[in-house]
Amino acid sequence: MSRLKELRKHINCELDKMQNADKRAGAYAHLYGVSLAATMIARKRGLDVELASMAGMLHDMYAYQSGSYENHAHKGADLARTILTDLELTNAEETELICSAIYHHDDKLTVDAPMDEVLKDADVIHHCMNDMSKEVKDKEKARFESLCAEFGM
Ligand SMILES: [Fe+2]
Ligand SMILES: [Fe+2]
């Protein structure tokens, strides 16, 4: 089994514990959507697609498990480190890359390391394109516009 598949199996088990069916469906759609978007962006930018995809799968797990978005990026990085350590899927350097991306993913107005930027942009793609009838949030406008330019859309 690929390590992405193994990670997804673990995440599916955790998401299946969510009682509210709508919230559970939203969580699946968002994590898989961000994971796919992260793969595309990483490939376009010549970065590691597998790690980008894994970061996408993990990035909001803390919020879904705790039911709170309060400081969820920083707490989510700790949770991701625990999951990756338990599953033994990544080496120390890879774990750091993924956890750094998750730690910074809510800082949409600042620019961080390349993989951090992949996850922020993937998050924005899903927020903005999952339902295009919804208005783009102010703090995501500039990032969404540069993504549209980068991808010619
Ligand atoms: Fe988030
Ligand atoms: Fe997210």
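Below, the structure is looked at part by part. (Residues numbered from 1 in each chain as written. Chains lettered and ligands numbered in written order. Predicted model: local features only at pLDDT ≥ 70, side-chain atom pairs only at ≥ 80, totals over all residues. Heavy atoms only, no water.)

1. Quick notes on the layout of surface pockets
Considered as a void within the structure, the largest pocket measures approximately 640 Å³ in volume. Considering the residues around the largest pocket, the lining is formed by 26 residues, among which H30, Y64, Y69, H127 and K137 are closest to the centre. Grouping the amino acids of the lining of the largest pocket by side-chain chemistry returns seven nonpolar, eight polar and eleven charged. For the second largest pocket, the calculated volume is near 180 Å³. Taken together, G33, L36, A37, M40, I41, I125, H126, M129, N130, F151 and M153 make up the full set of residues lining the second largest pocket. For the lining of the second largest pocket, the secondary structure elements donating two or more residues are α2 (21-44) and α7 (114-129). (1 Å grid on protein atoms, 1.4 Å probe; cavity = no way out; pocket = protein on both sides within 12 Å on 5 of 7 lines; lining within 4 Å. Points joined across faces, edges and corners; volume = space filled by probe spheres on them. Nonpolar A, V, L, I, M, F, W, Y, C, P; charged D, E, K, R; others polar. Helix = DSSP H or I, 4+ residues; strand = E, 2+ residues; numbered from the N terminus.)

2. Things to note about the environment of A52
Considering the arrangement of structural elements, one finds A52 in helix α3 (residues 49-58). Here A52 falls in the buried class, since its relative accessible area comes to 2%. Sequence separation between A52 and D78 is 26 residues; the distance between their C-alpha atoms is 17 Å. Setting aside anything within four residues of it in sequence, one finds A52 in contact with A38, A42, M115 and V118. (Buried < 20%, exposed > 50% of the residue type's maximum accessible area, 1.4 Å probe, protein only. Contact = heavy atoms within 4.5 Å.)

3. Section: the coordination of the iron ion (ligand 2)
For the iron ion (ligand 2), the full set of protein donor atoms is H30 (NE2), H59 (NE2), D60 (OD) and D123 (OD), at a range of 2.1 to 2.3 Å. Around the iron ion (ligand 2), the four donor atoms sit at angles spanning 84 to 177°, and that spread fits a shape best called irregular. Between the iron ion (ligand 2) and the iron ion (ligand 1), a spacing of 3.5 Å is present, and a bridge between the two is formed by D60. Of this pair, D60 sits in the loop between α3 and α4 (61-66) while D123 sits in helix α7, placing them 63 residues apart in sequence. There is no split in this pair, since D60 and D123 are both buried. (Donors = N, O, S within 2.8 Å, 3.2 Å for Na, K, Ca; no water. Tetrahedral: all angles 85-135°; square planar, octahedral: opposite > 155°, others 65-115°.)

4. Side note on the coordination of the iron ion (ligand 1)
Where a metal carries four tetrahedral donors, each ideal angle is 109.5 degrees; where it carries six octahedral donors, the ideal angles are 90 or 180 degrees. On the protein side, the iron ion (ligand 1) has D60 (OD), H72 (NE2) and H105 (NE2) as donor atoms, found 2.1 Å from it. Positions of the donor residues of the iron ion (ligand 1), expressed as sequence spacing, correspond to D-x11-H-x32-H. Using a relative accessible area of 3% as the deciding quantity, one classes D60 as buried. Relative accessible area serves as the criterion here: at 5%, H72 is assigned to the buried category.

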